[in-house]
Amino acid sequence: MRKILFYLVIVALVVSGRLFGAETITLQQSLQRVIDTYPSLRVAELQLRRARQENARVESQLGWTLAGSGGRSRDTALGGAASYRTDIAASLQRRLSSGASVGLDAGYSREDVSETFIPGIPDPTDVTDVGLSWRQPLAKGFGNPAYKQGLVSAEAEVNIAEAGRRVLHDSLARQVADLYYSAALTQANIKNAAQALDRARRLKKYLQDNAGLGIAEEKDLLQAEAQLRTRVAERRSLKVAWEQQRTNLNRLMGRAWDAEFNPAPAASRVPLAGNFDAMFEQVENHNPDLMRSRAQLMIADAAIALNRDAHKDDLDVVFSVGNRTTTGDLPSGNLDESERIAGVRLEYSRALDQRGLDAELYQAQLDRDIASQEIKTLRHDLRYTLSSLLAEIEASRAALDSFRARLVSEQRKFEEAVQRYRTGRTTTEDLIRFESDLFLAEITVEQQAIALARRHTELDVLRGTIWKSITPLNPDIPAYSGPQRGKR
């Protein structure tokens, strides 16, 4: 029975991943799992997909339009005779990107009068018309600003949706990174606490052996016991923090709440190199707020262009050519005539009250000024943010090097104190103090290493490069692989 229970425990440990070590997860792997499972990201992807349909809607303005009509009516002709008329018409129209319009028209009509009093008029009469028309705006609508500015606005809407997606992604990346590095620091502290606990146990064991020989004093045993209990309490406190951090991170990654894993932060990176302006360009092109403000500027410019066009008078010239065929019955025989027709006309109209247009133009100009000022402010703040972060990274790197050198010194100091303690040349109080200094140095190095990794990750988020190796949520939406050169 004991063997069976033993094997069951072994199987449970293997299944839980605790026997041969928990899964090691990097920050990039945790981000990929969040991308694959987090529901809010799907909403952002759908909003971006929706915005991309706006371009197709604008493009459809240049598509062909088919229209048709038909009907039959009864009226009274000359002399009071009943007249029956049948009409059928069809047209095919298209607006060109230049602003001109081309159309193909066809029509058929038949008129049948019950009594004819004029011998020269055929009865019934069939008329067929086929014509081609060309309308060219000379003022309002010239160059088709509605279409061109519609494309600009459509692109701006896509950029706004993309900015929203970047805001959500970057916010989530910062949230995941904060949890991840906190968990990594807790794990490192747990490991250091375990080492300190082992040192405290060895010291207590050494003192107990000496007490049996009558060498150690009671106060030495009490000091060692107090230190041991402190290390046990610290380790238990860290375990509680780890349970909470592990659960929160597993929730974001879509894993079981108690699934164990080992955070593996990237090792200290080499010092940053490169041109500041090139790095700032990356930050500038990725920043969601700046991207949104630039999109608002595009929309305002498009509205200004459209409003200025709306202020112009309608002045169109229309050319038409075609053919008309008339057939019918005459007392002297059948009528069958075909003639070419052509025409040109000028159409003009003007709105006498343009106060509404003036107000819309002023609003668009104000929107443009607001967007321009926001862009200026954001670029100024981003430059300071990047400069400050780069300075913090270099300072953090220098501090880490100093604390690592201090750790080496503390290790040597403690080892030397242990040797002196064994020969009775130092006190238990000094040994415990040196061990505490070593423990503090170990924790400080881990804190500085994690702080440096955090700042590098923040720089990656700021530049948009953190998503380079991430597979997109939807395969039909291209992966975001860092900032692209944007419009200024």
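Residues numbered from 1 in each chain as written. Predicted model: local features only at pLDDT ≥ 70, side-chain atom pairs only at ≥ 80, totals over all residues. Heavy atoms only, no water.

**Side note on the nonpolar core**
One recurring pattern in soluble globular proteins is that nonpolar side chains are buried together. Filter applied, for reference: We call a set of buried residues a nonpolar core when its members are Ala, Val, Leu, Ile, Met, Phe, Trp, Tyr or Cys and they connect through side-chain atoms within 4.5 Å of each other. Each residue's exposure class comes from its accessible area (1.4 Å probe, protein chains only) as a fraction of the maximum for that residue type: buried when under 20%, exposed when over 50%, partly exposed otherwise. The helix and strand labels rest on DSSP assignments: H or I over at least four residues marks a helix, E over at least two residues marks a strand, and numbering proceeds from the N terminus. Working rule for contacts: check all heavy atoms of both residues, and any pair within 4.5 Å makes them a contact.
Counting residues in each nonpolar core, the largest one holds 33 residues, and the members touching the most others are Leu 27, Leu 31, Val 176, Tyr 181, Leu 249 and Trp 467. Secondary structure elements with two or more residues in this core: helix 2 (27-37), helix 4 (145-212), helix 5 (218-253) and helix 9 (428-463). If one sorts the elements of this core by residue count, helix 4 sits on top with 13 residues. Setting aside chain neighbours within four positions, we find Leu 31 in contact with Ala 173, Val 176, Ile 466, Trp 467 and Ile 470.

**Re unusual backbone geometry**
One non-glycine residue, Asn 144, lies in positive phi territory at about 50 degrees. Assignment of secondary structure puts Asn 144 in the loop between strand 5 (125-137) and helix 4.

**Some points on the pairing of strand 4 (residues 101-113)**
Heads up, the rule is: Two strands pair if DSSP finds at least two bridges between them.
Summarising the sheet, strand 3 (residues 82-95) and strand 4 pair through 13 bridges and their orientation is antiparallel. Counted as the bridge partner of Arg 95 is Ser 101 from strand 4. Where strand 3 hands over to strand 4, the hairpin turn is made up of 5 residues, of which Gly 99 adopts a positive phi near 105 degrees. When strand 4 meets strand 5, the two strands line up antiparallel, connected through 11 bridges. Bridge pairing in strand 5 links Glu 111 to Thr 125.

**Quick look at a nonpolar patch on the surface**
The following threshold applies: Only residues above 30% relative accessible area that lack a salt bridge enter a patch, with like-charged residues linked at up to 9 Å and the nonpolar side chains Val, Leu, Ile, Met, Phe, Trp and Tyr linked at up to 5 Å. Methods summary: accessible areas were calculated by the Shrake-Rupley approach with a probe of 1.4 Å, and residue burial reflects only the protein chains presented. Here, a salt bridge means any Lys or Arg side-chain nitrogen found within 4 Å of an Asp or Glu carboxyl oxygen.
On the surface, a nonpolar cluster with roughly 330 Å² of combined accessible area is contributed by Leu 104, Val 130, Leu 132 and Val 321. Secondary-structure assignment places Val 321 in strand 7 (residues 314-330). Overall, the relative accessible area of 47% leaves Val 321 in the partly exposed class.

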